[in-house]
Amino acid sequence: QRSFSAALLNEASIETRCHYIGQESRCPLPTQFDCDLGWSLGHAAGACVAHGLNGYAACLTDLNLPPEQWGAAALPLVCLTRKNLREGEPPVVEFKPFSADLLRVLQAVRGAWRKRSHYRQPGPVQFFQQSLTYTNYLLKVEYEGVDAVTKLVEPGDEVAGAADHIANQHSNPLLTRSRIHMSPLQIDRTKYKPRLPSFLRGSVKLIAAPTVRMCPTVENLVQVFPETTKVEGAFCVSSYGEVQPTKASPRVGIVFMGRHAPGNYNIMLGLAEFLESLDAPGSLMLLVSEKSGFVEDTVELAAKDLELYRNQGGLTVLSRGHRYRGKKVDAGCDARRKKCSLQSHDLQQCALTVERLKLDGIVLVGGCDTQCTTAMMSEHFLASGLPCRVIGVPASMDSDVPLIEQTSGFDTACKVLSSILGNLATDAASSKKTYYFVRIAGQSLSHTAAECTLQVHPHLVLLPLEDAIESDFSLDEITSIVCDMILQREQNGMSHGLVLVPDGMLGRVPEMRELAAHIDQLTLEQPELFGAGSAWGRESLEAIIQELPDDSRQLMESLPRRIQAQVAFSKSDNGKYCHLIAVEAEHLLKALVESELSKRKAEGDYGGSFQCITHALAYQARSALPTNLDCDLAYTQGWSAGVLVQRDVTAALVSVGNIAAGHDEWTVGAVPLASIVSVEREATDSEPKPGERPTLSVFIEPDSLVLKPEAWKVRLPRPADRQTCAPGPLQFYGPSADAVPTLLQLVETEEDMSGQERMNLLRRQRAPTAAADGSPLTDASSHRSSAKRGLRKLALSLSSGNLFELGQVNDGDDEDPNDFESGVSTR
């Protein structure tokens, strides 16, 4: 127990995240209780008027009973008043103080809560399941008393005997969960049985699939991945009873390396249940990763151990790895690329651990960073002759893994964030005087921002553009776009709005990228300026600014002090790169817009009053209870990973396609990991000497199968006329429970095209076909350039509110601003 915990806590550091929760709950869709309460109060008030009552407050009684048993009353307002202590002043209303009984409950349990993890996850409000509507604790303590409510929330017995408690069979304190510490919705979600394509439950065979390459220089790819490039793609189909060669009783390890995403538990569950379904059942080992590779101390899991983790959010049983995360989106290098920072000794350590544990397969779960690691690991295992199959499972809130239709976790993240955005938009419309600038997750292609845009219809979304230098907007251009939209809405009598700012926006601004590069250079040359003791210090910040070149110094001086400190001291994990993702872009945009509107007001071009509230939506959806779709998708991914290991497949990524159709029509396949990675020569000041091999960089450039120009058919009104939508909380029951993301609904499909044919077509459109030996048949760069131009048009269209279908736009490099029917300034 101590060694296992030490592996998780080794070199651990504590990070604090500060959040303010207020406006998000002002204008949500009301619960059934609030609907009944408001409707009943309206009737009670009407009855008071009908009876000629004056000076009364309408009120209800017996709120602990069903609504049809509530009582109605009229309370004289004088009962709520007290004498004003100021002489000669009228009486004042004395509202009921906060219930001291509720505080007594908290005092009774907070000591135990402090020492243990007894938090609950209530989850989103459900409207279509009556059993999940429950009274709040303020009413409970009023009607049931302090002792009864204290018993309801106090920590239960962790050791003895409850049938609902999972025994800690492996001396692992992280693998314990008790039903008494779960919310009603959490318990209800454990009853949901994830759906699996029916053909996967029978005998499965593999058929060849087109092999594609995202890397434009296949020679470099083959140089780094000589073994992995020999792996071909495959589809899983039913064998219709035909006996297939399989591996008996496989031992499989699973590692979570990336940031956790909704549905991670179901990947583990699907893999565990597949292994147990075999005639000769296999075993699942839960591994942890640290800087030196996999930790030997592991936990063997059975499906029954995961019953209370079924369909749950987060990943509390493990922390994620460290070194294997790769570099984040560092503005000092290409912000689109997810690089791998593996060292050879790390790979050797992983190989040793796999040999000692006698693993037949290893499954790595995560996004682009993780899959870059998976590719390197598979190449090392193949080159060293290690008979361990390496399979990647794409799980990420960003859904930006190349050649993958959708990652697990994306649907949940978008629905949770869209619910919050809808609440904020409704609050802005209710106040009629407030703008919300909201920073939203979207480091690369920003599927999240695009999907939330289609669900909420914000008045402006500043999508990051893909042509990094040629097509990015400057800060002045972005400010003008936002201010023009505000002016147009002001002219139409609307002084409110919602603006989405993706995480990666600042990394796409040329002058900010240049500033970040100069900060990076200064970090290398004068690290003492960025020491822990000087961080956020005024004197140190001034010294850094003075060391910058003229253009960057002037830009830095023009930024608000708060933003200056973030640009200077926010660093990537390795401490070498300026981490623009961590900069509060929404605060910067607010300051720039306020300054520009003040100038326009002085010039007589703007006569309104600008009020703005900023928000950051970065962590709110990461550990949410997964949607039905993500539960099914993650479970299918885990089950499919087991199928691939059993069928002796390696160096492959699980791919689930045709997701917009029912789960029985989903396609399952294996994408070679060499298809999604890119290798290019690193830029150096000098050419390599004769006989010397150039330094090659391995990375994954985020890409998309669904974020394509020809797939977008949504016509949003101009920002000046646009009305936002409120999607409401995520639902597990009712008509919207199985809704798929709008991005998937917009993918064009022929009615007579099967799911497998559609996936083949999509892959051929996204990248060139390559022969088995890795030789290119077409040029990948042309495909990528076309996609980037299309995404640029998409960004322009959404930010300008144009009214045309992107599929109808000329794909040339030169765009005519008149073609966009723009409601705001565009280039």
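Residue indices follow the written sequence of each chain, beginning from 1 at its first position. The predicted origin of the model limits local features to residues at a pLDDT of at least 70 and limits the giving and counting of side-chain atom pairs to 80 or more, whereas totals for whole chains, interfaces and linings rest on all residues. Computation of side-chain values: all heavy atoms of the structure, hydrogens and water removed.

(A) Region of interest: the confidence of the model for the chain. Across the chain, the average pLDDT comes to 78, with 74% of residues at or above 70. Within the model, the stretch residues 319-336 combines pLDDT values under 50 with 72 contacts to residues more than four positions away or in other chains. Every residue in residues 748-827 scores below 50 in pLDDT, and together they form 180 contacts with partners more than four places removed in sequence or on other chains. As a per-residue quantity, pLDDT reports the predictor's confidence and falls between 0 and 100. Whether two residues touch is decided by their heavy atoms; if any such pair falls within 4.5 Å, the residues are in contact.

(B) Quick peek at the nonpolar core. Definition used in this section: a nonpolar core is a set of buried Ala, Val, Leu, Ile, Met, Phe, Trp, Tyr and Cys residues joined via side-chain atoms within 4.5 Å. In this scheme, a residue with accessible area under 20% of its type's maximum is buried, one over 50% is exposed, and one in between is partly exposed, where area comes from a 1.4 Å probe on protein chains only. With 50 residues, the main nonpolar core has Ile254, Met268, Leu284, Leu286, Val363, Val365 and Ile391 as its most contacted residues. If we skip the residues at most four places from it in the chain, Val363 touches Val252, Gly253, Ile254, Val255, Leu271, Ile391, Val393 and Ala641. Of all hydrophobic cores here, the second largest spans 48 residues; its members include Met505, Ile519, Ile563 and Tyr606.

(C) Region of the structure containing a nonpolar patch on the surface. Residues forming no salt bridge and having over 30% relative accessible area are the ones grouped into patches, like charges within 9 Å of each other and nonpolar side chains (Val, Leu, Ile, Met, Phe, Trp, Tyr) within 5 Å. In short, Shrake-Rupley with a 1.4 Å probe defines the accessible areas, and a residue's cover is counted only from the protein chains shown. Basic side-chain nitrogens of Lys or Arg form a salt bridge, by our definition, when they fall within 4 Å of a carboxyl oxygen of Asp or Glu. A surface patch of nonpolar side chains, about 260 Å² in accessible area, is lined by Leu103, Leu106 and Trp113. Along the chain, Trp113 falls in helix H3 (residues 100-115). Residue classification places Trp113 among the partly exposed residues on the basis of a relative accessible area of 35%. Elements are defined by DSSP. Helices are runs of H or I of four residues or more, strands are runs of E of two residues or more, and each kind is numbered from the N terminus.

(D) The state of the cysteines, seen in detail. Two cysteine sulfur atoms make up a disulfide if the distance between them is within 2.5 Å. For the structure shown, the criterion picks out zero disulfides. A disulfide-free cysteine, Cys414 has its sulfur positioned 4.8 Å from the sulfur of Cys452, the nearest such atom. By relative accessible area, Cys414 is classed as buried at 1%.

(E) How the structure looks around the sheet that holds strand E19 (residues 652-657). Spatially, nine strands are ordered E5-E6-E20-E19-E14-E13-E7-E8-E11 in an open sheet, and the strand pairing comes out mixed. What marks the edges here is a single partner per strand, and that holds for strand E5 (204-208) and strand E11 (299-301). Across the sheet, the mean angle separating the axes of adjacent strands is 30 degrees when strand polarity is ignored. Two strands make a pair as long as DSSP finds a minimum of two bridges between them. Here E5 runs beside strand E6 (residues 234-238); their pairing, made up of five bridges, is antiparallel. Looking across to E6, one finds that Ala208 is bridged to Ala234. Think of each axis as a best-fit line through the C-alpha atoms, taken over the contacting stretch in the case of a helix, with angles from 0 to 180 degrees between the N-to-C directions.

(F) Highlighting unusual backbone geometry. With a phi close to 65 degrees, Leu403 is a non-glycine residue in the positive phi region. Residue classification places Leu403 among the buried positions, given a relative accessible area of 2%. Although it is not a glycine, Asp648 sits at a positive phi angle of roughly 65 degrees.

(G) Geometry of the layout of surface pockets. Estimates place the volume of the second largest pocket at around 880 Å³. Points on a 1 Å grid, built from protein atoms alone, make a cavity when a 1.4 Å probe fits but cannot get out and make a pocket when they are open with protein on both sides within 12 Å along at least 5 of 7 lines; residues with an atom within 4 Å of a point are the lining residues. In terms of lining, the second largest pocket is formed by 30 residues, of which the most central are Leu132, Thr133, Tyr134, Thr135 and Asn136. Looking at the lining of the second largest pocket, the elements with two or more residues in it are helix H2 (32-50), helix H4 (137-144) and helix H6 (184-189). If one sorts the elements of the lining of the second largest pocket by residue count, H2 sits on top with four residues. Its residues placed into classes, the lining of the second largest pocket shows 16 nonpolar, 10 polar and four charged. Grid points are joined across faces, edges and corners, and a volume is the space filled by probe spheres set on the points. When residues are sorted by character, Ala, Val, Leu, Ile, Met, Phe, Trp, Tyr, Cys and Pro go into the nonpolar class, Asp, Glu, Lys and Arg into the charged class, and all the rest, Gly among them, into the polar class.

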